[in-house]
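Topology and contacts: notes
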Amino acid sequence: MSEEVTEEQIADAIAAATTNKEENASTTTSSTSSVSDDDSLTASGMVAALKKHGDGTNVIKESITTFSNPDGSDKKGDAKISADQMDQALQALKELVQKAKDAEEKKKKKSKSTAKWEFGTSPHAQFGKTFDDTLKAFLLWARTEEKKEINVSKAFRRLESYASWMDDTGTVLVEPPLSASSVKDALEIWQMKSSVSAKTKNLVWWFDMGAIDTEITKKMSADDSLRAFVWFSHYVMYHPSAQEEGMLVVENCDKIGFYKMITMMPMKLGTQLDRLTIGVLPVKTKKFYLLETPRWIDVFMKILGAFMSKKMKSRMYLCKDWSEIENTLGGECIPKGWGKLEGSLDVGCVPEEYASS
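Residues numbered from 1 in each chain as written. Predicted model: local features only at pLDDT ≥ 70, side-chain atom pairs only at ≥ 80, totals over all residues. Heavy atoms only, no water.

Things to note about the environment of Tyr 235
Note on placement: Tyr 235 falls in helix H11 (residues 222-238). With 115 residues separating them along the chain, Tyr 235 and Val 350 place their C-alpha atoms 9.6 Å apart. (Helix = DSSP H or I, 4+ residues; strand = E, 2+ residues; numbered from the N terminus.)

Encoded structure:
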């Protein structure tokens, strides 16, 4: 969806996601229900709670923006180059970046207006990559479905979003430099892991709510969590399997309560990270597999679903049984101790190739 979502549209979606039965339950239990009573939580009650805990962040609106069009759009007049001409596409993208930088300088704005085009917060060097490698990641992302052409204009639009997002972090990612060793402890707390499915060829991002101590995450600084997610996201971004075949996200929700979920990290940070991983990075998320989903997720998805394309809706899959993951991805890529699965892959939160960096 290209047009900005209005509050009226959001209100209509909330109303549509709330049944009469839910509203009656809310009326009879509102004075006695506790914050952990998810069974009586309605769509309107959920939105009210998000506003209360959001610190001024419009979580619903931000989530709609992120999930409504994660793949970007092709536009009339976009510059496209044959996919086998990567060097030519790379030069064309560099020219668009320089043109944008020159345009900002001519406006004689503050230095910050051009700072994002310096990409000073990019951690590519920490991954042994060059800035050209970063640009190539965006060009690979902007290939057509058949991978025959590269939409350079589309790659630039995504790159601009990335440049703005990264620049908005200020000095958080550079003081100290974003290395594996600097985020190791935070990655362990958030229990982020990845592997490659030999069956589907995708990179898989494993996220296990059952392995996370939310009392610890609440006490973490927002900066530490931000740095951990940004580092891991860039590891995914530079991974050849993610670049060629895209990413699958597998999340064990562990029936987490709504209020526990929305207080495990600042809501502003949560929406900021969703924006990075789904709407800014040059990584195509092919599927979201959700296990052990609580009832409130169904309600939340009904609200977001009103603004999602059919394509995006088809990527959200609520698993009915744990065996679906092994049947779909193969057992060899499942990390040991992950959820209720009998995984055999011995993988740490910091990938082995970066364990000493």
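From this point on, the discussion continues.
A short note on helix H7 (residues 131-141)
When H7 is considered as a whole, its buried residues turn out to be Thr 134, Leu 135, Ala 137, Phe 138, Leu 139, Leu 140 and Trp 141. Structurally, H7 contributes buried residues whose contacts are with helix H5 (86-106), strand S2 (149-151), helix H8 (152-167), H11, helix H12 (240-245) and helix H14 (267-280). (Buried < 20%, exposed > 50% of the residue type's maximum accessible area, 1.4 Å probe, protein only. Contact = heavy atoms within 4.5 Å.)

Topic: the packing of aromatic side chains
Under the criterion given, the structure shown has 20 aromatic pairs. Considering the side-chain rings of Phe 119 and Phe 131, the 4.7 Å spacing of their centres and the 45° angle between planes classify their relative orientation as tilted. Here Phe 119 is found in the loop between helix H6 (112-115) and H7, whereas its partner Phe 131 is found in helix H7, with 12 residues between them in sequence. The class for Phe 119 is buried, based on a relative accessible area of 7%. Plain terms: the ring middles of Phe 127 and Tyr 238 are 5.7 Å apart, the flat faces sit at 45° to each other, and that makes the pair tilted. Placement of the pair is Phe 127 in the loop between H6 and H7 and Tyr 238 in helix H11, with a sequence separation of 111 residues. Residue Phe 127 is classed as buried on the basis of its relative accessible area of 5%. (Phe/Tyr/Trp six-rings, centres within 6.5 Å; stacked < 30°, edge-to-face > 60°.)

Let's talk about the sheet that holds strand S5 (residues 247-252)
With mixed pairing, five strands are arranged side by side in an open sheet as S3-S4-S5-S6-S7. At either margin of the open sheet sits one strand with a lone partner, and together these are strand S3 (192-196) and strand S7 (316-318). For this sheet, the mean inter-axis angle between neighbouring strands, taken without regard to orientation, is 20°. Across six bridges, the pairing between S5 and strand S6 (residues 285-291) is parallel. Bridge pairing in S6 places Met 247 opposite Thr 285. (Pairing = 2+ DSSP bridges. Axes fitted to C-alpha atoms, helices over the stretch in contact; angles between N-to-C directions.)

Structural notes on the packing of H5 against H7
Put simply, H5 and H7 touch, their axes get as near as 10 Å, and they point 105° apart. Taken together, H5 and H7 sit at an angle that is classed as roughly perpendicular. Of the residues in H7, those in contact with Met 86, Ala 89, Leu 90, Leu 93 and Lys 94 of H5 are Asp 132, Leu 135, Lys 136, Leu 139 and Leu 140. Considered class by class, the residues forming the contact of H5 with H7 number seven nonpolar, no polar and three charged. (Parallel < 35°, antiparallel > 145°, perpendicular 65-115°, else oblique. Nonpolar A, V, L, I, M, F, W, Y, C, P; charged D, E, K, R; others polar.)

Describing the side chain of Arg 158
Here Arg 158 shows up in helix H8. Of the side chains with opposite charge, Asp 71 comes closest to the buried, unpaired Arg 158, at an N-O distance of 6.1 Å. Here Gly 279 takes part through its backbone oxygen, which lies 3.4 Å from a polar atom of the side chain of Arg 158. At 2.8 Å, the side chain of Arg 158 forms a polar contact with the backbone oxygen of Leu 281. With residues up to four places along the chain from it excluded, the contact list for Arg 158 reads Pro 70, Gly 72, Phe 138, Trp 141, Ile 278, Gly 279, Val 280, Leu 281, Pro 282 and Val 283. (Lys, Arg positive; Asp, Glu negative; His and termini not counted. Salt bridge = Lys/Arg side-chain N within 4 Å of Asp/Glu carboxyl O. Polar contact = N/O pair within 3.5 Å; in protein donor to acceptor, adjacent residues only side chain to side chain.)

A short note on the pattern of salt bridges
As enumerated under the stated definition, the model contains 13 salt bridges in all. A salt bridge links Asp 78 to Arg 157; the shortest N-O distance between them is 2.9 Å. In this pair, Asp 78 sits in the loop between helix H4 (59-68) and strand S1 (80-82) while Arg 157 sits in helix H8, placing the two residues 79 residues apart along the sequence. According to the relative accessible area criterion, Asp 78 is buried, its value standing at 15%. Between Glu 244 and Arg 143 there is a salt bridge whose closest N-O contact spans 3.4 Å. Pair noted here: Glu 244 is in helix H12 and Arg 143 is in the loop between H7 and S2, with a separation of 101 residues, a long-range link. Classification of Arg 143 by relative accessible area gives buried; the value is 11%.

Things to note about the environment of Arg 275
By secondary structure assignment, the location of Arg 275 is in helix H14. We classify Arg 275 as partly exposed; its relative accessible area is 27%. Residues Arg 275 and Asn 252, 23 residues apart in the sequence, show an inter-C-alpha distance of 20 Å. Apart from residues no more than four positions distant in its own chain, Arg 275 is found in contact with Thr 65, Thr 66, Ser 161, Trp 165 and Val 280.

Considering the packing of helix H9 (residues 180-190) against H11
Contact geometry for H9 and H11: axes closest at 8 Å, N-to-C directions at 100°. The angle between H9 and H11 places the two elements in the roughly perpendicular class. Side by side, H9 and H11 meet where Ala 180, Ser 182, Val 183, Ala 186, Leu 187 and Trp 190 of the first sit next to Asp 224, Ser 225, Arg 227, Ala 228, Phe 229, Trp 231 and Phe 232 of the second.

Some details on H14
Helix length check: H14, at 14 residues, gives a terminal C-alpha distance of 18 Å against a target of 20 Å (1.5 Å per residue), a fit within 8%. The buried fraction of H14 amounts to 10 of the 14 residues, a majority that puts the element mostly inside the structure. Three or more residues of H14 are buried, namely Met 267, Leu 269, Gly 270, Thr 271, Leu 273, Leu 276, Thr 277, Ile 278, Gly 279 and Val 280. (Expected span 1.5 Å × (residues − 1).)

Thoughts on the pairing of S5
Of all six residues that make up S5, six are buried, and the element is covered over most of its length. Alternating residues of S5 divide into Met 247, Val 249 and Glu 251 and Leu 248, Val 250 and Asn 252, and every residue in both groups is buried. The pairing of strand S4 (residues 203-208) with S5 spans six bridges and is parallel. Bridge pairing in S5 places Val 204 opposite Leu 248.

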